[in-house]
Amino acid sequence: MSSSTTTAAEPGADQTGPRPQTLLLMLFGDFVLDRDVCVFSGSLIDALGRLGVSEHATRSTLTRMVNRGLLRRQRDGRRMYFGLTPRSVELLHDGQHRIWEMGAVNDRWDGTWTLLCFSLPDAWHRERHGLRSQLAWAGFGPLQGGLWIAPGHVDVGGIVGGLGAEAQVRVFRSRADELTDVDRMVRDAYDLDGLAARYEEFLARWGDGGRVPADPIAARLSLVAEWLRAIRRDPRLPVRHLPPDWPAVRAQKVFRDLDLALNPPARALAATLLDTRPDKDAGPR
């Protein structure tokens, strides 16, 4: 379906829209993942051409994705085919979970919070920056000083372990006391205006009055890529502690309704457009 992996600006990408790498990952996630096949480069060029991406941009993006371990090449005669790697399979499955299982609306919150506090040595500038970035990605917001908070149970072992910061980090699970104004706490720890703006942008593009591309593959890939961009840094805060008429609720309904309408024609077209071959490196399931 999709992946959270994106890169810096790429040639041929409309900087207001999804980048070629993101679109290619959307395409592989939608039509290739778990099928044990590779796709002809010409098919990928045709597919992205439907979204206005040039042949040169697609070819150079494919090369970069191979170099980054996201795709691998498989030759069949004179034709070059591209298949997924274990790394990209993991990323795409994570994207599926984020989009289809977790969703953007946290209306089943159990009232618990994960609290994380850290104190890193002054010389650990790089580690401090890395920890803050990964905490924000995992849904944490800074409450005060070195104390960060996230709704629900968040497993932070991989974050702190990867940075070698286990000895400098303390993690707690808790519930807010009745004296705590949770609504205000959420406003203090998170940029609610920035979060809402991304959903409002999605609604302006895809909601009532928006222009959906006539080509079903172009429409579906754009839809999923732009939805992922809207939700990828959303900490999924409890909806009960968010402002009334939180735009993620409306945006998620628009996304799912459009996906339901676009999925069948996009898959039918992909079946005729994508030239595939069995993945020679695919192992038994």
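The model shown is predicted, which means the values in this text are computed figures rather than measured ones.

Caption draft 1: Summary view of the overall build of the chain. When helices and strands are tallied, the chain shows 10 helices and 8 strands. Counting the 285 residues in the chain, one finds 51% classified as buried. Sequence separation of 24 or more characterises 75% of the internal contacts of the chain that already satisfy a separation of 6 or more. Put simply, the chain shows about 14,500 Å² of open surface, and 50% of that area lies on carbon and sulfur atoms.

Caption draft 2: Representation of the side chain of Arg72 in the model. Within the fold, Arg72 resides in strand 2 (residues 71-76). Classification of Arg72 by relative accessible area gives buried; the value is 16%. Filtering out sequence-adjacent residues up to four positions away, Arg72 remains in contact with Cys38, Val66, Tyr81, Phe82, Gly83, Leu84, Thr85, Asp279, Lys280 and Asp281.

Caption draft 3: View of the sheet that holds strand 7 (residues 169-175). Strand order in the open sheet formed by 4 strands is 5-6-4-7, with antiparallel pairing between adjacent strands. If you trace the sheet from one side to the other, it starts and ends with strand 5 (141-144) and strand 7, each paired once. The average angle at which neighbouring strand axes cross in this sheet is 30°, direction not considered. Taken together, the 3 bridges between strand 5 and strand 6 (residues 147-151) define a ladder with antiparallel strand orientation. Across the sheet, Pro142 pairs through a bridge with Trp148, a residue of strand 6. Lying over the sheet, helix 7 (residues 182-189) contacts strand 4 (112-118), strand 5 and strand 6, oriented at roughly 115° with respect to strand 5.

Caption draft 4: Structural detail: empty space enclosed by the protein. According to the stated counting rule, one finds 1 cavity of 30 Å³ or more in the structure shown. Of the volumes computed, that of the largest cavity is approximately 40 Å³. Along its surface, the largest cavity is lined by Ala104, Val105, Asn106, Asp234, Arg236, Leu237, Val239, Leu242, Trp246, Ala248 and Val249.

Caption draft 5: A look at the sheet that holds strand 1 (residues 37-40). Strands sit in the order 2-3-1-8 across an open sheet of 4 strands; the sheet is antiparallel. The sheet is open, and its two borders are formed by strand 2 and strand 8 (276-278), each paired with just one other strand. Neighbouring strand axes in the sheet, compared pairwise and without regard to direction, differ in orientation by 35° on average. Strand direction decides the pairing type here: strand 1 and strand 3 (residues 79-84), joined by 2 bridges, are antiparallel. If you follow Val39 over to strand 3, its bridge partner there is Phe82. With respect to the sheet, helix 3 (residues 55-67) is in contact with strand 2 and strand 3, its orientation differing from that of strand 2 by roughly 115°.

Caption draft 6: View of helix 2 (residues 41-49). For helix 2, the tally of buried residues reaches 7 of 9 residues, placing the bulk of the element in the interior. Every buried residue of helix 2 is listed here: Ser41, Gly42, Ser43, Leu44, Ile45, Ala47 and Leu48. Against the buried residues of helix 2 lie helix 1 (20-31), strand 1, helix 3, strand 3 and helix 10 (247-273).

Caption draft 7: Region of the structure containing the side chain of Asp259. Here Asp259 shows up in helix 10. If sequence neighbours within four positions are ignored, Asp259 has contacts with Trp100, Arg220 and Leu223.

The rules we used
- Residues numbered from 1 in each chain as written.
- Predicted model: local features only at pLDDT ≥ 70, side-chain atom pairs only at ≥ 80, totals over all residues.
- Heavy atoms only, no water.
- Helix = DSSP H or I, 4+ residues; strand = E, 2+ residues; numbered from the N terminus.
- Buried < 20%, exposed > 50% of the residue type's maximum accessible area, 1.4 Å probe, protein only.
- Contact = heavy atoms within 4.5 Å.
- Areas by Shrake-Rupley, 256 points an atom, 1.4 Å probe, with all protein chains shown as cover.
- Pairing = 2+ DSSP bridges.
- Axes fitted to C-alpha atoms, helices over the stretch in contact; angles between N-to-C directions.
- 1 Å grid on protein atoms, 1.4 Å probe; cavity = no way out; pocket = protein on both sides within 12 Å on 5 of 7 lines; lining within 4 Å.
- Points joined across faces, edges and corners; volume = space filled by probe spheres on them.

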